[in-house]
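One-letter residues, chain by chain:
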Amino acid sequence: MRLSDYTTVRLGGPARGFVRADREDELIEAVRTADASGEPVLILGGGSNLVVADEGFDGTVIQVATRGVTRGADPSLGIGTVTVAAGEDWDAVVARTVAEGLAGLECLSGIPGLAGATPIQNVGAYGQEVSETITRVRGYDRKTGDVAEIPNEQCGFGYRTSRFRGADRFVVLSVTFGLAEQVRSAPIRYAELAATLGVSPGDQVESTEVRSAVIELRQRKGMVINPADPDTASVGSFFVNPVLDGAALAAVEAAARARCGPGTRVPRFAATEEGLVKVPAAWLIERAGFGRGYHPGDGARISSKHTLALVNSGSASTAALMALAREIRDGVRDAFGVSLAPEPVLVGVSL
């Protein structure tokens, strides 16, 4: 089998072995067996955040296909809890919580992939991150052979990262979320979403309205998987927004004024860490000369809808996609002195 059949960017060569785990015990046993024999393992979820080399993966791919959603409550905190198996479709989970009158995940609607991947990169969009509502992650510890319950404070959450990202120790088995029992959304933080809803930042509306608005925004940007839309043959945002301190931001502002004109203002958003800001990677990419639809002619291109998405137009290779990513990274670094970091997991390739 070729991994291109299991990734949303439709790229990736063959795997030496492939196991589908429909039950939790099958997942643990598959990982344990591979580890005991020294076999390299690639845990595969929805393939929406994965770039695999054209040469494929010289080991065993274990596809997570576990199912199960359990509703509960934590009276001491006044919240509803939802425990989700790692193999559950993420958007279906969000839709279910919204339908059941639970708030806290509505801004994460339309994101492809599986629930088990969400804590790994601390999935976030439109002002929400899963770290705000995850109460614990349950995982198989490949070092000890035990199943561990990891509370939120031990997950090492940061901007698009966690203790699980880039580490192979834990295989996520399930994730528990603590959500407000209310039909109104969490306060709207993201200006673009607030404008779409016709409200002010900080306002609350029904979660069903937020979900619809977020999906509409994501569809406009080609960020909702649609086989009929060639712009969705991607891994979503390829680069994370850089987080800058005051000195780095001042350098970017100076470069922007020199490049784009004296009145240029660099957009920025508050970062989690005090004194730091996030600058939109898409803004930097566009001002570095890479517009929507940019096509170097090798089958890989920038989406015509969103600058952060790198698309397989149908004839690309992973090598071509990565060459485009490097061209963009180098162009932004040359223009603004900022090195963009990749958001997807890279297997057998590097930026």
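One can find the structure itself at the top, above this paragraph.
Caption draft 1: Up close: the packing of helix H2 (residues 90-99) against helix H4 (residues 207-220). Look at H2 against H4: their axes get within 9 Å of each other, and the N-to-C directions meet at 150°. Relative to H4, H2 is oriented roughly antiparallel. Here H2 runs over H4; the crossing is left-handed. Along the contact surface, H2 presents Asp91, Val94, Ala95 and Val98, while H4 presents Ser207, Thr208 and Arg211. When the residues that make up the contact of H2 with H4 are grouped by side-chain class, the tally is three nonpolar, two polar and two charged.

Caption draft 2: Highlighting the environment of Gly139. Considering the arrangement of structural elements, one finds Gly139 in strand S10 (residues 134-141). Linking Gly139 and Phe170, residues 31 residues apart in sequence, is a C-alpha distance of 5.6 Å. Non-local contacts of Gly139, meaning those with residues more than four positions away in its chain, are made with Asp146, Val147, Ala148, Phe170, Val171, Val172 and Leu173.

Caption draft 3: Representation of the sheet that holds strand S15 (residues 277-278) in the model. Pairing within the open sheet is antiparallel, and its three strands lie in the order S13-S15-S14. Here the strands that pair on one side only, and so sit at the sheet edges, are strand S13 (243-244) and strand S14 (269-270). One ladder, built from two bridges, connects S13 with S15; its direction is antiparallel. Within S15, the position partnered with Leu244 by the bridge is Val277.

Conventions and cut-offs
- Residues numbered from 1 in each chain as written.
- Predicted model: local features only at pLDDT ≥ 70, side-chain atom pairs only at ≥ 80, totals over all residues.
- Heavy atoms only, no water.
- Axes fitted to C-alpha atoms, helices over the stretch in contact; angles between N-to-C directions.
- Helix = DSSP H or I, 4+ residues; strand = E, 2+ residues; numbered from the N terminus.
- Parallel < 35°, antiparallel > 145°, perpendicular 65-115°, else oblique.
- Left-handed = near helix turned anticlockwise from the far one by under 90°.
- Contact = heavy atoms within 4.5 Å.
- Nonpolar A, V, L, I, M, F, W, Y, C, P; charged D, E, K, R; others polar.
- Pairing = 2+ DSSP bridges.

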